[in-house]
Amino acid sequence: MKTPISKFDYDLPSSLIAQAPMNPREQAKMLVLGRETGVVEHRHIFNLPDFFHAGDVLVLNETKVFRARLAGKIIEKEKDVEVFLLREQDGIWEALIGGRHGLEMGMHIEIGSLSALVERLDADGVTHLRFEVSRDNVLKFCEQYGEVPLPPYIKSNTSNVKDYQTVYAKQVGSVAAPTAGFHLTESLLKQLREKGVQIEFITLHVGLGTFRPVQTEMVENHVMHSEWANISPDVASRIADAKQEGRRIIAVGTTSVRTLEGVKKMVGSWENFSKGFSGDLNSFITPGFQFEVTDGMLTNFHLPKSTLLMLVSAFAGRERILAAYEEAKKENYRFFSFGDAMLLV
């Protein structure tokens, strides 16, 4: 039996949508929800180390957002368009083209000094572009001339662009940030290490699979787009060892959860998991999913009807999550990318 998307809907006053991160970030609120009990505690991010034990493993997504939004022109039509680059694969870039009506295969899009050939137009709105230069050169151009594609509910300004990155971001390739990581500062990570917490870094380049809204009436009819993920053999081996030793794996953000769980489902055994993974991952987690790696999760408050809300509902129970969201609204928690946090343990 299929699940209506309406099961993951809730009302949210626009006044609770955060427009900037808390400053300092450790002062953000943190709703702690018992994954099995539904018991709620109201704490702050600076309390996070209180919920960790020596030997716990904290997994962070070290992807880095690039300036993916560019101004372009369809040469053959002399028409201005917005080009939102998503990711590169085998020399071809996937992109969303704002105002692509009239665009055809074989046409060219001029983006400043770059030119791209339209290789394919997908029915789901994705356009495939071939540039005359390498991925690295495209990324260098983006860094100089592009804009960070902030979510539409955030008013764009310089401070927001600066803040839209985790302090540990390293691997360039995301078009959206793994926003649960915004709460973590160097000071907080130092406290966790001093407590004996093992910190591991993995990568999932956030793309269309994470941020595209669900547009189907039934959850099961939604098609997830693949995103590139990487867990190095060393990191994978340490995570596998910790799990098999009975130590807790706490993931920061839904992207970390999807990477860990998606890879484990794909490869099967812990022996295979420990070899690491690099490649495309298509992980759509909904209630009924059996988690094999993740024991706890630090996350934000997610948009209604989103795949991210479905994932946390799968992890802690839909009714418990929605009840916690109602509690958060009453307590004036700040929602979405720059908002407050939720710790599921």
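Cut-offs and rules
Residues numbered from 1 in each chain as written. Predicted model: local features only at pLDDT ≥ 70, side-chain atom pairs only at ≥ 80, totals over all residues. Heavy atoms only, no water. Axes fitted to C-alpha atoms, helices over the stretch in contact; angles between N-to-C directions. Helix = DSSP H or I, 4+ residues; strand = E, 2+ residues; numbered from the N terminus. Left-handed = near helix turned anticlockwise from the far one by under 90°. Contact = heavy atoms within 4.5 Å. Nonpolar A, V, L, I, M, F, W, Y, C, P; charged D, E, K, R; others polar. Pairing = 2+ DSSP bridges. Phe/Tyr/Trp six-rings, centres within 6.5 Å; stacked < 30°, edge-to-face > 60°. Buried < 20%, exposed > 50% of the residue type's maximum accessible area, 1.4 Å probe, protein only. Lys NZ or Arg CZ within 6 Å of the ring centre and 35° of its normal. Salt bridge = Lys/Arg side-chain N within 4 Å of Asp/Glu carboxyl O. Arc of directions from axis to C-beta. Core = buried A, V, L, I, M, F, W, Y, C linked by side-chain atoms within 4.5 Å. 1 Å grid on protein atoms, 1.4 Å probe; cavity = no way out; pocket = protein on both sides within 12 Å on 5 of 7 lines; lining within 4 Å. Points joined across faces, edges and corners; volume = space filled by probe spheres on them.

(A) The packing of helix α6 (residues 254–267) against helix α8 (residues 307–316), seen in detail. Two elements in contact, α6 and α8, have axes separated by 11 Å at closest approach and are oriented at 65°. Read as a crossing pair, α6 and α8 show a hand that is left-handed. Only L308, L311 and V312 of α8 make contact with α6, whose side of the interface consists of T254, V257 and R258. The residue makeup of the contact of α6 with α8, split by class, is four nonpolar, one polar and one charged.

(B) Structural context of the packing of α8 against helix α9 (residues 318–330). Put simply, α8 and α9 touch, their axes get as near as 7 Å, and they point 115° apart. Residue-level inspection shows L309, V312, S313 and A316 of α8 in contact with α9, the latter providing R318, R320, I321, L322 and Y325. A per-class count over the contact of α8 with α9 returns six nonpolar, one polar and two charged.

(C) View of the sheet that holds strand β10 (residues 126–131). Strand order around the closed barrel formed by six strands is β5-β6-β7-β10-β9-β8, with antiparallel pairing between neighbours. The sheet shows a mean angle of 45° between the axes of neighbouring strands, direction not considered. As paired elements, strand β6 (residues 79–89) and strand β7 (residues 92–98) share seven bridges and run antiparallel to each other. In the sheet register, R87 faces β7, and the bridge partner there is E94.

(D) Broad picture of the packing of aromatic side chains. This structure, assessed with the given rule, holds 18 aromatic pairs. Taking the centre distance of 6.1 Å and the plane angle of 90° together, the rings of Y164 and F338 count as edge-to-face. Placement of the pair is Y164 in the loop between α2 (158–163) and β11 (171–174) and F338 in the loop between α9 and β17 (341–344), with a sequence separation of 174 residues. Across this residue pair, the class does not change: Y164 and F338 are buried. Residue placement shows R35 over the ring face of F315; its charged tip is 3.7 Å from the ring centre. Lying across the ring of F289, K265 places its NZ or CZ 4.3 Å from the centre.

(E) Main features of the pattern of salt bridges. All told, the structure shown has 21 salt bridges when counted by the stated rule. Between R130 and E119 there is a salt bridge whose closest N-O contact spans 2.9 Å. Placement of R130 in strand β10 and of E119 in strand β9 (residues 114–121) is noted, with a sequence separation of 11 residues between them. On the basis of relative accessibility, which here comes to 36%, the residue R130 falls in the partly exposed class. Residue classification places E119 among the partly exposed residues on the basis of a relative accessible area of 30%.

(F) Structural context of the side chain of S115. Secondary-structure assignment places S115 in strand β9. When residues no more than four places from it in sequence are discounted, the contact partners of S115 are H108, I109, R130, F131 and E132.

(G) Here's a closer look at helix α3 (residues 186–194). Residues L188, L189 and L192 constitute the buried set of α3. Buried residues along α3 cover an arc of 100° about the axis, so they all sit on one side. The outward face of α3, more than 90 degrees from its buried face, is lined by the exposed residues E186 and E194. Structurally, α3 contributes buried residues whose contacts are with β3 (57–61) and β12 (198–204). Just downstream of α3 lies G196, where phi reads positive at about 95°.

(H) Representation of the nonpolar core within the structure. In terms of nonpolar packing, the biggest core is built from 64 residues, with Y164, L260, F273, I321, Y325, F335 and L344 touching the most fellow members. Here the element with the most residues in this core is α8; it accounts for seven residues. Once residues lying within four places of it in the same chain are set aside, the contact partners of I321 are L33, L309, V312, S313, A316, M342 and L344. Counting 29 residues, the second largest nonpolar core, distinct from the first, contains V81, W93, I111 and F131.

(I) Broad picture of empty space enclosed by the protein. This model, assessed by the stated rule, comprises one cavity of 30 Å³ or more. In this model, the largest cavity occupies a volume close to 50 Å³. What lines the largest cavity is P21, M22, R25, A28, F182, H183, N300, R334, S337, F338 and G339. Among the residues forming the lining of the largest cavity, the class breakdown is five nonpolar, four polar and two charged.

(J) Region of interest: the sheet that holds strand β2 (residues 40–44). A sheet is described by the order of its strands in space; here nine strands give the open sequence β2-β1-β17-β16-β14-β3-β12-β13-β15, paired in mixed fashion. In this open sheet, the two edge strands, each paired with only one partner strand, are β2 and β15 (277–281). With strand direction ignored, the average angle separating the axes of adjacent strands in the sheet is 25°. Where strand β1 (residues 29–33) meets β2, five bridges bridge the pair, whose relative direction is antiparallel. Across the sheet, residue L33 finds its bridge partner in β2, namely V40. Strands β3, β12, β13 (227–231), β14 (249–252), β15 and β16 (296–300) of the sheet are contacted by α6, whose axis makes an angle of about 105° with β15. This element, α8, spans β1, β16 and β17 of the sheet and lies at about 150° to β16.

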